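Chains, contacts and geometry: an overview
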Amino acid sequence: MVRAAILGTGSVAPSRAVTNRDLEDRMDTSDAWITQRTGIRERRIGLPTEKWSDFMLPACRIALETAGVGPEEIGLIVAGTMTADMRMPSGGCVLQEGLGAVNAAAFDVSSACSGFVYGLTIADRFIRAEPDLKVLVAGGDMLSPWIDWGDRSTAVLFGDGGGAAVLAASDDPDRGILSSRIRSDGTLGRLLTIAGDGSQLAFGDKPEMGNRKIRMIGAELFKVAVRSMETVCGEVLAEAGLTDEDVDIVVPHQANLRMIQALADRFGVSMDRVFVNVDRYGNTSAGTIPLALDEAVRAGRVRRGDVVLMPVFGGGLTWGATLVRW
Ligand code: ACO
């Protein structure tokens, strides 16, 4: 059986760090509130002169170098993002040009925070169908231009950053993606929106849709997110014939430490088997899992043979999980 293995990862975030104390000067919030409710201590926010590809291109280059794969060997680029440099060309095509990945087809997957897991799932299916294919999956967002700095309930949560992974068919039948599933529920889309930024606003005066910033119903989202991730984690484990005890490390979506703890609790996994870096980056949307995975690998927390579980949840609503034997 052909399995898609992750050969290398890379991640980069803009260099400007914004601490909770910095936010105290801008809005009615406190370091204590943010830390207790979210676990976030600082996040990276790009400068006004910076754009998505300024951090995504270097992240992809590191992933290629770590994998030992040249850009011309890549046959497919999947970019999980909703905040690429421009509406057209796509982020995937911008990465293709910047990397010199001349043989790749490239496209974006717009599934908010779930973009990287959606991308891994697409790569898995493509590689099973075309075992010679090498795929670059990028995941990252630069949400800062869409943050409403006057809305403390969302402004403290998000940051900019992302990462990438290079995948190819594994020679070792035990290594690679064991199971990967994606899910959506558009009926709950209203819980997390950037509503006034699409074709519904292109013609005519529709002031009610004029809000171009992130809006969120946080408490409701929290509950749906934990429940949905728990279910999909169970599904990928069952498909692989494994249980939660077989999981060496969980690298979850980094939206909120309490959400990660609630998921670990319900799932019966102790926090020492969960990788967390939300304290330093906040919620980077499609960037959270590739940033965390890359850091976990480089810190030696993910070793060859380990079973790694990556659950995600985001706007759409979208969610999913990828289970990999490293
Ligand atoms: N600083 C200080 N006070 C604040 C802040 C802030 N930044 N934000 C809200 N508050 C206040 C509220 O106004 C409210 O005050 P009130 O009681 O006087 O009305 C109080 O704190 C409690 O607000 P809640 O919204 O009930 O706080 P809650 O405990 O639910 O935490 C949070 C809010 C952190 C947003 C939580 O609901 C959450 O994490 N939800 C998930 C949202 C999320 O992660 N979204 C990201 C996208 S989806 C995803 O990635 C999974």
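Residues numbered from 1 in each chain as written. Predicted model: local features only at pLDDT ≥ 70, side-chain atom pairs only at ≥ 80, totals over all residues. Heavy atoms only, no water.

Turning our eyes to something else, we now look at the side chain of serine 228. Along the chain, serine 228 turns up in helix H7 (residues 218–240). Those residues in contact with serine 228 that sit more than four places away from it in its chain are Phe313 and Trp319. (Helix = DSSP H or I, 4+ residues; strand = E, 2+ residues; numbered from the N terminus. Contact = heavy atoms within 4.5 Å.)

Attention shifts here to the sheet that holds strand S5 (residues 105–109). Read across the sheet, 5 strands follow the order S1-S7-S6-S4-S5 without closing on themselves; strand pairing throughout is mixed. The open sheet has two edge strands, strand S1 (4–12) and S5, and neither has a second partner. On average, adjacent strands in this sheet sit at an angle of 20 degrees to one another, irrespective of strand direction. Packing against the sheet, helix H5 (residues 115–129) makes contact with S1, strand S4 (76–80), S5, strand S6 (135–142) and strand S7 (160–169), and its axis sits at approximately 170 degrees to S6. (Pairing = 2+ DSSP bridges. Axes fitted to C-alpha atoms, helices over the stretch in contact; angles between N-to-C directions.)

As a further point, take the pattern of salt bridges. One pass over the structure, following the stated rule, counts 16 salt bridges. The residue aspartate 124 makes a salt bridge to arginine 128 at a minimum N-O spacing of 3.2 Å. In this pair, aspartate 124 and arginine 128 are both assigned in helix H5, 4 residues apart and thus about one turn of the helix distant. Its relative accessible area of 0% is what places aspartate 124 among the buried residues. Arginine 128 gets classed as partly exposed once you look at its relative accessible area, which sits at 32%. For glutamate 295, the salt bridge goes to arginine 280, with nearest N and O atoms at 2.7 Å. A residue pair is termed long-range when its members are at least 10 positions apart, and glutamate 295 in helix H10 (residues 288–298) and arginine 280 in helix H9 (residues 278–281) qualify at 15 residues. When its relative accessible area of 18% is taken as the criterion, glutamate 295 is described as buried. Relative accessible area serves as the criterion here: at 34%, arginine 280 is assigned to the partly exposed category. (Salt bridge = Lys/Arg side-chain N within 4 Å of Asp/Glu carboxyl O. Buried < 20%, exposed > 50% of the residue type's maximum accessible area, 1.4 Å probe, protein only.)

Once that is clear, we can look at the nonpolar core. Ranked by internal contacts, the top residues of the largest apolar core, which has 44 residues, are Leu309, Phe313, Leu317 and Leu323. Residue assignment for this core shows that the elements contributing at least two residues are H7, helix H8 (257–267), strand S12 (307–314) and strand S13 (318–325). No other element matches H7, which puts 9 residues into this core. Of the residues that make up this core, three or more belong to each of domain 1 (4–169) and domain 2 (176–325). Ignoring any residue separated from it by four or fewer positions in sequence, one finds leucine 317 in contact with Arg183, Ser184, Asp185, Gly186, Leu188, Gly189, Leu191, Leu221 and Val224. (Core = buried A, V, L, I, M, F, W, Y, C linked by side-chain atoms within 4.5 Å. Domains from an automatic or database assignment.)

Before going further, it helps to spend a moment on the site of the ligand. Not every one of the 23 residues close to the ligand is listed here, only the nearest: Thr29, Arg37, Arg152, His253 and Asn256. The side chain of arginine 152 places a nitrogen or oxygen atom 2.9 Å from an oxygen atom of the ligand. The side chain of asparagine 256 places a nitrogen or oxygen atom 2.5 Å from an oxygen atom of the ligand. Expressed as a share of its isolated accessible area of 1,000 Å², the protein-covered part of the ligand is 72%. Of all the secondary-structure elements, those providing two or more residues to the shell around the ligand are helix H2 (31–38), helix H6 (152–155), H7 and H8. Here the shell around the ligand gathers at least three residues from each of two domains, domain 1 (4–169) and domain 2 (176–325). (Near = heavy atom within 4 Å. Polar contact = N/O pair within 3.5 Å; in protein donor to acceptor, adjacent residues only side chain to side chain. Areas by Shrake-Rupley, 256 points an atom, 1.4 Å probe, with all protein chains shown as cover.)

We now examine the domain arrangement of the protein chain. By domain assignment, the protein chain separates into domain 1 (4–169) and domain 2 (176–325). Each partner contributes to the interface: domain 1 provides 55 residues, whereas domain 2 provides 48 residues. Buried area between domain 1 and domain 2, both sides added, is near 3,900 Å², and the carbon and sulfur share of it is 59%. If you sort the residues of domain 1 by the area they bury against domain 2, Cys113, Tyr118 and Trp146 come out on top, with a joint share of 17%. Across the domain 1-domain 2 interface, the total number found is 2 salt bridges. For arginine 215, the salt bridge is made with aspartate 151, and the minimal N-O distance between the two is 3.4 Å. At the surface where domain 1 touches domain 2, the tally comes to 25 residue pairs in polar contact (both at pLDDT 80 or more). Elements with a minimum of two residues in the side of domain 1 that touches domain 2: S1, H2, strand S3 (42–44), helix H3 (52–67), H5, S6, H6 and S7. Ranked by residue count, the leading element in the side of domain 1 that touches domain 2 is H5, at 9 residues. (Buried area = accessible area lost by both parts, 1.4 Å probe.)

Here the focus is empty space enclosed by the protein. On inspection of all chains with the given rule, the structure shows 1 cavity of 30 Å³ or more. Forming the walls of the largest cavity are Cys233, Val250, Pro252, Ile260, Leu263, Ala264, Phe267, Val269, Val274, Leu309 and Pro311. Looking at the lining of the largest cavity, the elements that each hand over two or more residues are H8 and S12. Counting residues per element, the lining of the largest cavity draws most heavily on H8, which supplies 4 residues. Classifying every residue of the lining of the largest cavity gives 11 nonpolar, no polar and no charged. (1 Å grid on protein atoms, 1.4 Å probe; cavity = no way out; pocket = protein on both sides within 12 Å on 5 of 7 lines; lining within 4 Å. Points joined across faces, edges and corners; volume = space filled by probe spheres on them. Nonpolar A, V, L, I, M, F, W, Y, C, P; charged D, E, K, R; others polar.)

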